[in-house]
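This is what each chain is made of:
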Amino acid sequence: KNEVEQSPQNLTAQEGEFITINCSYSVGISALHWLQQHPGGGIVSLFMLSSGKKKHGRLIATINIQEKHSSLHITASHPRDSAVYICAVRYAGNLIFGKGTKLSVKP
Amino acid sequence: NAGVTQTPKFQVLKTGQSMTLQCAQDMNHEYMSWYRQDPGMGLRLIHYSVGAGITDQGEVPNGYNVSRSTTEDFPLRLLSAAPSQTSVYFCASSIDRGLEQYFGPGTRLTVT
């Protein structure tokens, strides 16, 4: 049983396209995190949110607590956005991670 | 600030050997954690600490020990390595358990 499901698993886009990655979860959470894992393996935190919407540059994260769903959007995608994007939910104090969405943006 | 550092970057062990993966942070973070990342699976929590002298088990603690004698350091010990422990290990820290975590660069461990 997976408490955190991401879709799609893999995504290929052309440079400039608008990208959406989805995350659904089945448990009651206190917060949701989006992270980025670079091709070299390093992991950085992008957003932490518990309601509404947050924006940072070309990245937008939204969450709907009632529907247990979050989306990560990338506007005007660029090849440097190619990475694995990971959704994680905070449940009982700890993080439960999704399997990630591998994004490849072609020039 | 160096952030979160991990050593070594790569390690090969034989079954039954023991070793310690080092993790240090210079941000005065109270919360530190260890995760393992395996192909086709999400990161899984091994052990965590909410402050010096306090540790607790995560989702997959068997075969691993931790201690937290200082705020800065949180080493992970493999007592008797098994092939099932072949994985990439990440250490992370945050100011508080509920906040954004900062990840180290990872240690790739192979057990033969």
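Here is what the cut-offs are and how they apply
- Residues numbered from 1 in each chain as written.
- Chains lettered and ligands numbered in written order.
- Predicted model: local features only at pLDDT ≥ 70, side-chain atom pairs only at ≥ 80, totals over all residues.
- Heavy atoms only, no water.
- Contact = heavy atoms within 4.5 Å.
- Buried area = accessible area lost by both parts, 1.4 Å probe.
- Salt bridge = Lys/Arg side-chain N within 4 Å of Asp/Glu carboxyl O.
- Polar contact = N/O pair within 3.5 Å; in protein donor to acceptor, adjacent residues only side chain to side chain.
- Helix = DSSP H or I, 4+ residues; strand = E, 2+ residues; numbered from the N terminus.
- Nonpolar A, V, L, I, M, F, W, Y, C, P; charged D, E, K, R; others polar.
- Pairing = 2+ DSSP bridges.
- Axes fitted to C-alpha atoms, helices over the stretch in contact; angles between N-to-C directions.
- Buried < 20%, exposed > 50% of the residue type's maximum accessible area, 1.4 Å probe, protein only.

### So, the interface of chain B and chain A
- Taken together, the 16 residues of chain B in the interface contact 16 residues of chain A.
- Of the roughly 1300 Å² buried between chain B and chain A on both sides combined, carbon and sulfur atoms contribute 55%.
- Its largest share of buried area at the contact with chain A, chain B owes to Leu-43, Arg-97 and Phe-103 of chain B, together 34% of the area lost on that side.
- Linking chain B with chain A are 0 salt bridges, by the criterion used here.
- One can count 5 residue pairs in polar contact (both at pLDDT 80 or more) joining chain B with chain A.
- Counting only elements with at least two residues in the side of chain B that touches chain A, the list comes to strand 4 (31-37) and strand 5 (44-51) of chain B.
- Among the elements that take part in the side of chain B that touches chain A, strand 4 of chain B stands out by supplying 3 residues, more than any other.
- When the residues that make up the side of chain B that touches chain A are grouped by side-chain class, the tally is 9 nonpolar, 5 polar and 2 charged.

### Examining the sheet that holds strand 3 (residues 19-25) of chain B
Residue and element names in this part refer to chain B.
- With antiparallel pairing, 4 strands are arranged side by side in an open sheet as 1-3-8-7. The two strands at the open ends of the sheet, each matched to only one other strand, are strand 1 (4-7) and strand 7 (64-66). Adjacent strand axes in the sheet meet at a mean angle of 20° when their direction is disregarded.
- In terms of strand pairing, strand 1 meets strand 3 through 4 bridges, oriented antiparallel. Looking at strand 3, one finds that Gln-6 is bridged to Cys-23.

### What about unusual backbone geometry?
- Cis geometry is adopted by the peptide bond preceding Pro-8 of chain A, which originates at Ser-7 of chain A and carries an omega value of -5°.
- Position of Pro-8 of chain A relative to the elements: it lies in the loop between strand 1 (4-7) and strand 2 (10-14).
- For the peptide bond that leads from Thr-7 of chain B to Pro-8 of chain B, omega is -5°, which places it in the cis range.
- Of note, the phi angle at Ala-76 of chain A is positive, near 45°, even though the residue is not glycine.
- Here Ala-76 of chain A is to be found in the loop between strand 8 (69-74) and strand 9 (83-91).
- Of the residues examined, Ala-76 of chain A reaches a relative accessible area of 47% and is grouped as partly exposed.
- With phi around 60°, Asn-28 of chain B is a residue other than glycine that occupies positive phi space.

### Describing the side chain of His-47 of chain B
- With respect to the helices and strands, the residue His-47 of chain B is situated in strand 5.
- Ignoring any residue separated from it by four or fewer positions in sequence, one finds His-47 of chain B in contact with Ser-33, Trp-34, Asp-56, Gln-57, Gly-58, Pro-61, Tyr-64, Asn-65, Val-66, Phe-74 and Leu-76 of chain B.

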